[in-house]
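Letter by letter, the chains look like this.
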Amino acid sequence: MPESERQVVIYWRPGCQYCMRLKSSLGDLRDKALWVNIWQDDDAAAFVRSVNDGNETVPTVVIDGEAHTNPDPGMVRERLEAPA
């Protein structure tokens, strides 16, 4: 799926157990989201800080333009299963 059509963006970083849990729980649906490593993208890290009181808390998931910090995997899965 082209990046422009992805409605779910997941900001993550290596070694984050919550990020690994989310990725694992999404199964094949994980490929429908755009995954952004905040350790490789300064703008992404700045965005995550801007929505988390200055903290780089991940996973931060943007669903249809709204940021969610460490959301329930079921919520993310539900959005990824829905038509775009």
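(A) Region of the structure containing the overall build of the protein. Looking only at helices and strands, one finds three helices and four strands in the protein. Its helices and strands taken in sequence order, the protein reads β-α-β-α-β-β-α from the N to the C terminus. A globule of 84 residues ought to have a C-alpha radius of gyration of about 12 Å, and the protein, at 12 Å, matches this closely. For the protein, the spread of C-alpha atoms along the three principal axes comes to 35 × 25 × 20 Å.

(B) Geometry of the sheet that holds strand β3 (residues 60–63). Read from one edge to the other, the open sheet built from four strands follows the order β2-β1-β3-β4, with strand pairing classed as mixed. Both edges of this open sheet fall to β2 (34–37) and β4 (66–69), since each of them pairs with a single strand only. For this sheet the average axis-to-axis angle between neighbouring strands, irrespective of direction, equals 20 degrees. Looking at chain direction, strand β1 (residues 8–12) and β2 are connected through four bridges and run parallel. Within the sheet, the bridge partner assigned to Ile-10 lies in β2 and is Trp-35.

(C) Inspection of the nonpolar core at higher detail. Within the largest apolar cluster, twelve residues are counted, these being Val-9, Tyr-11, Cys-16, Cys-19, Leu-34, Val-36, Ile-38, Ala-44, Ala-45, Val-48, Val-58 and Val-62. For this core, the elements supplying multiple residues, two or more each, are β1, β2 and α2 (42–51). For this core, the leading source of residues is α2, giving three residues. By size, the runner-up hydrophobic cluster in this structure holds eleven residues, among which are Leu-26, Ala-33, Val-76 and Leu-80.

(D) Summary view of the pairing of β1. Across the five residues that make up β1, a large majority, four, are buried. Between β1 and its parallel partner β2, the chain crosses via helix α1 (residues 17–26), and the hand of that crossover is right-handed.

(E) Quick look at the confidence of the model for the protein. Per-residue pLDDT for the protein averages 91, and the proportion of residues at 70 or more is 92%. Ranking the helices and strands of the protein by mean pLDDT puts α2 first, with 97, and helix α3 (residues 73–81) last, with 94.

(F) Molecular detail of the pairing of β4. The pairing of β3 with β4 spans four bridges and is classified as antiparallel. Bridging from a neighbouring strand, Val-61 pairs with His-68 of β4. In this structure, the hairpin formed by β3 and β4 is closed by a connection of two residues, where Asp-64 is found at a positive phi of approximately 50 degrees.

(G) Expanded view of the packing of aromatic side chains. Applying the stated criterion across every chain yields a total of one aromatic pair. Relative to Phe-47, the ring of Tyr-11 has its centre 5.2 Å away and its plane inclined at 40 degrees; by these criteria the two rings are tilted. Here the residue Tyr-11 occupies a position in strand β1, and Phe-47 occupies one in helix α2, the gap between them amounting to 36 residues. Residue Tyr-11 is classed as buried on the basis of its relative accessible area of 13%. Note that Lys-23 overlies the ring of Trp-12, its terminal NZ or CZ placed 5.6 Å from the centroid. Sitting over the face of the ring of Trp-35, Lys-23 holds its NZ or CZ atom 5.1 Å from the ring centroid.

Thresholds applied
- Each chain carries its own residue numbering, running from 1 in the written order of its sequence.
- Two thresholds apply to this predicted model, a pLDDT of at least 70 for residue-level local features and 80 or more for giving and counting side-chain atom pairs, whereas whole-chain, interface and lining totals are computed over all residues.
- Note: side-chain values were computed over all heavy atoms of the structure, leaving out hydrogens and water.
- Numbered from the N terminus, helices here are DSSP runs of H or I no shorter than four residues, and strands are runs of E no shorter than two.
- Each radius of gyration reported is based on C-alpha atoms, and the globular scaling rule is 2.2 Å times the count of residues to the power 0.38.
- In this analysis, strands are considered paired if DSSP registers two or more bridges between them.
- Here an axis means a line fitted to C-alpha atoms, over the contact stretch when the element is a helix, while the angle between two N-to-C directions is reported on a 0 to 180 degree scale.
- In this text, buried Ala, Val, Leu, Ile, Met, Phe, Trp, Tyr and Cys residues form a nonpolar core when linked through side-chain atoms within 4.5 Å.
- Exposure is judged per residue with a 1.4 Å probe applied to protein chains only, and the accessible area is read against the type maximum: over 50% gives exposed, under 20% gives buried, and values in between give partly exposed.
- For crossovers, right-handed means that the path from the first strand over the helix to the second runs clockwise, given strands pointing away from the viewer.
- Residue-level confidence of the predictor, termed pLDDT, takes values from 0 up to 100.
- Any two rings among Phe, Tyr and Trp, with Trp reduced to its six-membered ring, count as a pair given centres within 6.5 Å; such a pair is stacked if its planes are under 30 degrees apart, edge-to-face if over 60, and tilted if neither.
- Remark: a charge is flagged as sitting over a ring if the NZ atom of Lys or the CZ atom of Arg is within 6 Å of the ring centre and within 35 degrees of the ring normal.

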